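# Working through the structure, step by step
Next come the chains, spelled out residue by residue.
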Amino acid sequence: MMGNNHMDSRALKALIMTAVVCLSAVAAAGVVSADNGLKVTVSDVAVSDDEPTTGDTITVTPTVRHSSSSDGSFEITQVTLSGDGGNLAKVSDLGTIAGGESIDVPLRTSFDSAGDKELTVTVRGVQTDSDGVTRSIDSVDYPVYVSVSEPSSSSPPEPRLQIDAQSAVAGTDTPVTVTVSNGEEDPLTDLSLDLEATNQNLDTETRLKPVLGTENITQFEFDIRPERTGTIDLKASLETSDAAVNTSKSIDVDALRTDVRVDATVIEENDSKFLQYRLINLGNAAVNDVTTVGTDDVGPAPAAAFGTVDAAHSQTVTVPTTLDADTTLSLHTEYQVGGESYDSSQSVQVSSSSMSIAPATAQPNQSAQQFSLTPGSITSLSGSVAALLVLGSLGGLGVIAFRRFRDGE
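Residues numbered from 1 in each chain as written. Predicted model: local features only at pLDDT ≥ 70, side-chain atom pairs only at ≥ 80, totals over all residues. Heavy atoms only, no water.

Side chains of D49, D50, E51 and D56 sit close together on the surface and give a patch of like negative charge. Inspection of the secondary structure puts D50 in the loop between β2 (39-47) and β3 (57-66). (Patch = residues over 30% accessible without salt bridge, like charges linked within 9 Å, V, L, I, M, F, W, Y side chains within 5 Å. Areas by Shrake-Rupley, 256 points an atom, 1.4 Å probe, with all protein chains shown as cover. Salt bridge = Lys/Arg side-chain N within 4 Å of Asp/Glu carboxyl O. Lys, Arg positive; Asp, Glu negative; His and termini not counted. Charge placed at Lys NZ, Arg CZ, Asp CG, Glu CD. Helix = DSSP H or I, 4+ residues; strand = E, 2+ residues; numbered from the N terminus.)

Below, the structure is given as structure tokens:
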């Protein structure tokens, strides 16, 4: 009896192992069937890209189907995507599907290394029959194959943009330079560069260029006029025949501050005298169309006109004079900033300086500086007509001589 009992035990174990193997074979095919006839399958798996490159994100979407015609249900507790040494994606608690229903489950993943990847979609859940009795907890596996490769080559560098601008002044023009660098192997063609402000009312300006050669740069010049103080957020956008890039930069916008000062010096050379005016722009914006007219106790002194003088810069103009040093002049200066007119008055004492004046020399491509003098500024030349000429330079400053034409000459 003992021997027979031992033989029956071994036969029973063999029978159990055979049943497990059969169940596993069915599960490996993507189908699980319980005793009550409920069937759950992974009927299909869609792969967004089965030949991705390293770093690319792909989506693996299995379709889980409850194909039983009975009234039972299948609660999906977990769907995983595994392979390449571990779990790649997992979603849980997807709800319950009834007989004849299906659900798509998107799983996203990426790969750090190249090679053929053998992946597995695994579905786990709880089957319940029509009487509400839980029969089993089942697992369904489905194989997925993906071939991952390294990128064929690195993408060519895009054109680079750089905005160069100093702090701006509200209501005045501020220069802005945008530099475009072409680091690509091919020339850029049909360049169109826009400059706009994203936080102030600034008209968008566009600059065009047909070609920018490889490993070359070009610069586009703009003038902006912010409408208010604070900051202005600039955005430069470049479009070419095959690229589009942009960059941004914020610059401070200060309130306008105007302050010009003029001093005067009498320069003596032999028997000639010259009055040198020096205008200093102490404001924070360029001044334009500057005219200075002086008077003393006798009458009007020679006048002077200046060109554009940038902020924190100075400019000098020298005119013939009969004034003596230590004369006190009342100066009236008129100028424009940002299209608006301003004026200032001051009293200065003329200092003296003795220095040589180099003879005039012709300079190629150098035009004479034009001066607009007010009537009365040359009234001291009674009975004569004075002509002002640019003769040369005095320490880098314009030197003006004049010739007196008497009536009848």
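Structure shown, so let's carry the discussion forward.
Scanning all chains against the criterion turns up seven salt bridges. D173 serves as the salt-bridge partner of R225, at 3.0 Å between the closest nitrogen and oxygen. Of this pair, R225 sits in the loop between β15 (216-224) and β16 (230-239) while D173 sits in the loop between β11 (168-169) and β12 (174-182); the two residues are 52 residues apart in sequence, bridging distant segments of the chain.

With that settled, consider the sheet that holds strand β10 (residues 160-164). Taken together, three strands build an open sheet; the order of strands is β10-β12-β15 and the sheet is antiparallel. Each edge of the open sheet is held by one strand with a lone partner, namely β10 and β15. Ignoring which end each strand starts from, the neighbouring axes of this sheet average 20° apart. Relative to β15, β12 is paired through nine bridges, and the arrangement is antiparallel. Of the residues in β15, the one forming a bridge with V176 is F222. (Pairing = 2+ DSSP bridges. Axes fitted to C-alpha atoms, helices over the stretch in contact; angles between N-to-C directions.)

With respect to the secondary-structure elements, P52 resides in the loop between β2 and β3. Residues P52 and S149, spaced 97 residues apart in sequence, show a C-alpha to C-alpha distance of 6.5 Å. If we skip the residues at most four places from it in the chain, P52 touches I58, V146, S147, V148 and S149. (Contact = heavy atoms within 4.5 Å.)

Enumeration over the complete set of coordinates arrives at one aromatic pair. Ring geometry for Y335 against Y342: centres 5.9 Å apart, planes inclined by 15°, an arrangement best described as stacked. (Phe/Tyr/Trp six-rings, centres within 6.5 Å; stacked < 30°, edge-to-face > 60°.)

This next bit is on the sheet that holds strand β23 (residues 328-337). In space, the four strands of this open sheet follow the order β21-β20-β23-β24, with antiparallel pairing throughout. Looking along the sheet, the strands with just one partner apiece sit at the ends: β21 (304-306) and β24 (340-349). Mean inter-strand twist for the sheet, computed between neighbouring axes without regard to direction, equals 20°.

A few words now on unusual backbone geometry. Within the chain, D93 stands out as a residue other than glycine whose phi angle is a positive 50°. Along the chain, D93 turns up in strand β5 (residues 86-98). Classification of D93 as exposed rests on a relative accessible area of 65%. Residues other than glycine seldom take positive phi values, yet E215 does so here, at roughly 50°. Considering the arrangement of structural elements, one finds E215 in the loop between β14 (205-212) and β15. (Buried < 20%, exposed > 50% of the residue type's maximum accessible area, 1.4 Å probe, protein only.)

Averaged over all residues, the pLDDT of the protein is 78; the fraction at 70 or higher stands at 75%. Note that pLDDT drops below 50 for residues 1-36; the model gives that stretch 27 contacts with residues more than four away or on any other chain. (pLDDT = per-residue confidence, 0-100.)

Along the polypeptide, T109 turns up in strand β7 (residues 107-110). Given a relative accessible area of 8%, T109 falls into the buried group. Sequence-distant contacts of T109, that is, excluding residues within four places in its chain, are made with D56, T57, I58, L81 and L88.

Of the two faces of β7, the one holding L107 and T109 is buried and the one holding R108 and S110 is not buried anywhere. Where β3 and β7 come together, four bridges link them in antiparallel fashion. Looking at β7, one finds that T57 is bridged to S110.

In this structure, P300 sits in the loop between β20 (288-295) and β21. Between the alpha carbons of P300 and L329 there is a distance of 9.2 Å; along the sequence they are 29 residues apart.

Ranked by size, the top nonpolar core spans 25 residues in total, and within it V176, V178, L193, L195, I224, I232 and L234 carry the most contacts. Every element with two or more residues in this core is listed here: β10, β12, β13 (188-197), β15, β16 and β17 (244-254). Of all the elements, β13 adds the most residues to this core, at five residues. For L193, the contacting residues outside a window of four places in its chain are L161, V178, E205, T206, R207, F220, F222, A236, S237 and L238. Core analysis: the second largest hydrophobic core is formed by 24 residues, A264, L279, A285 and V348 among them. (Core = buried A, V, L, I, M, F, W, Y, C linked by side-chain atoms within 4.5 Å.)

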